[in-house]
Amino acid sequence: VTALALTSILVSGCGGSSPAQPESSISATAAGAVDETSLSTLIEAENAAIYAYGVIGAHFTGAPRTRALAALKAHRQLRDSWISAAQAAEQEVPPAAIAYDLPINVQGRETAEALSIEIEERLVAVYESAGEIAASALAAARERLAKSP
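A quick note: this is a predicted structure, and the numbers were derived from the prediction, not measured.

Thoughts on unusual backbone geometry
Then, number 1: Phi angles above zero are rare outside glycine, and Glu90 is one such case at about 55 degrees.
Then, number 2: Along the chain, Glu90 falls in the loop between helix H4 (62-88) and helix H5 (109-130).
Then, number 3: Its relative accessible area of 75% is what places Glu90 among the exposed residues.

Here it is, written out as structure tokens:
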């Protein structure tokens, strides 16, 4: 599922009106294969996505808001899985920032949709740079969101 397709499902209603119920897709073994620098980068990227989806969700109502909040939940679960992997490997976990600079100034639904697309595209790049295992974890989470009712 591409970033654009996932975002379309999340915010424009193509995926139904029920919230997605994502599950963690990162096994301890798979997460252990990701190097320390990549783990930190993944955690930082997911923290930024969580912040962004909080902003995005605030600009929607009804089913689009529910889907945006499901995406926020999915990113929290991914972040928490990466944190668990870092802790299991006795690596330092980078703290979340209080706030993040958003690449798009969100003023309403249209710019919130644009931000969700931008965030997902940036995450694809981060996950791909972290290696095949990380990219597969993101793809699996996206498939679950796309298939949810």
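Next comes the rest of the description.
Topic: the packing of helix H3 (residues 36-58) against H4
Then, number 1: Between H3 and H4, the least distance of the axes is 9 Å, while the angle of their chain directions is 160 degrees. Classified by the interaxial angle, the pair formed by H3 and H4 is roughly antiparallel. Crossing of H3 against H4: the hand is left-handed. Where H3 abuts H4, its residues Leu39, Leu42, Ile43, Glu46, Asn47, Ala49, Ile50, Tyr53, Gly54, Ile56, Gly57 and Ala58 lie against Arg65, Ala68, Ala71, Leu72, His75, Arg76, Leu78, Arg79, Trp82, Ile83, Ala85 and Ala86.
Then, number 2: Counted by class, the contact of H3 with H4 contains 16 nonpolar, four polar and four charged residues.

Considering the confidence of the model for the protein
Then, number 1: On average, the protein scores 79 in pLDDT, and the residues at 70 or more come to 77%.
Then, number 2: Here helix H1 (residues 3-12) is the element of the protein with the lowest mean pLDDT, 42, and H3 is the one with the highest, 93.
Then, number 3: Overall, residues 1-24 carries pLDDT values under 50, and its contacts beyond four positions in sequence, including any with other chains, amount to 67 contacts.

Focus: the environment of Ala89
Then, number 1: Within the secondary structure, Ala89 sits in the loop between H4 and H5.
Then, number 2: Looking at Ala89, the relative accessible area reads 41%, which means it is partly exposed.

Overview of the pattern of salt bridges
Where charged atoms from two side chains of opposite charge approach closely, those side chains can pair.
Then, number 1: A complete count under the given rule lists three salt bridges for this structure.
Then, number 2: One salt bridge connects Arg79 with Asp80, and the closest N-O pair in it is separated by 2.8 Å.
Then, number 3: Judged by relative accessible area, Arg79 falls into the buried class, the value being 17%.
Then, number 4: A relative accessible area of 37% means that Asp80 is categorised as partly exposed.
Then, number 5: Residues Arg109 and Glu113 are paired through a salt bridge, measuring 2.9 Å at the closest nitrogen-oxygen approach.

Description of H4
Then, number 1: In a regular helix each residue adds 1.5 Å, so 27 residues correspond to 39 Å; H4 covers 39 Å between its end C-alpha atoms and thus fits that length.
Then, number 2: Directly after H4, the chain includes Glu90, whose backbone phi takes a positive value near 55 degrees.

Description of the nonpolar core
Then, number 1: Among the nonpolar cores identified, the biggest contains 31 residues, and Leu42, Tyr53, Ile56, Trp82, Ile119 and Tyr127 are the most heavily contacted of them.
Then, number 2: Counting only elements with at least two residues in this core, the list comes to H3, H4, H5 and helix H6 (132-147).
Then, number 3: For this core, the leading source of residues is H3, giving nine residues.
Then, number 4: Aside from chain neighbours lying at most four places away, what touches Ile56 is Ala68, Ala112, Leu115 and Ser116.

Digging into the packing of H3 against H5
Then, number 1: The interhelical angle for the contact between H3 and H5, taken along N-to-C directions, is 170 degrees, at an axis separation of 10 Å. Here H3 lies roughly antiparallel to H5, going by the angle between them. Contacts between H3 and H5 involve Ser38, Thr41, Leu42, Ala45, Glu46, Ala49, Ala52, Tyr53 and Ile56 on the former and, on the latter, Ala112, Leu115, Ser116, Ile119, Glu120, Leu123, Val126, Tyr127 and Ala130.

Reading the values: the criteria
Residues numbered from 1 in each chain as written. Predicted model: local features only at pLDDT ≥ 70, side-chain atom pairs only at ≥ 80, totals over all residues. Heavy atoms only, no water. Helix = DSSP H or I, 4+ residues; strand = E, 2+ residues; numbered from the N terminus. Buried < 20%, exposed > 50% of the residue type's maximum accessible area, 1.4 Å probe, protein only. Axes fitted to C-alpha atoms, helices over the stretch in contact; angles between N-to-C directions. Parallel < 35°, antiparallel > 145°, perpendicular 65-115°, else oblique. Left-handed = near helix turned anticlockwise from the far one by under 90°. Contact = heavy atoms within 4.5 Å. Nonpolar A, V, L, I, M, F, W, Y, C, P; charged D, E, K, R; others polar. pLDDT = per-residue confidence, 0-100. Salt bridge = Lys/Arg side-chain N within 4 Å of Asp/Glu carboxyl O. Expected span 1.5 Å × (residues − 1). Core = buried A, V, L, I, M, F, W, Y, C linked by side-chain atoms within 4.5 Å.

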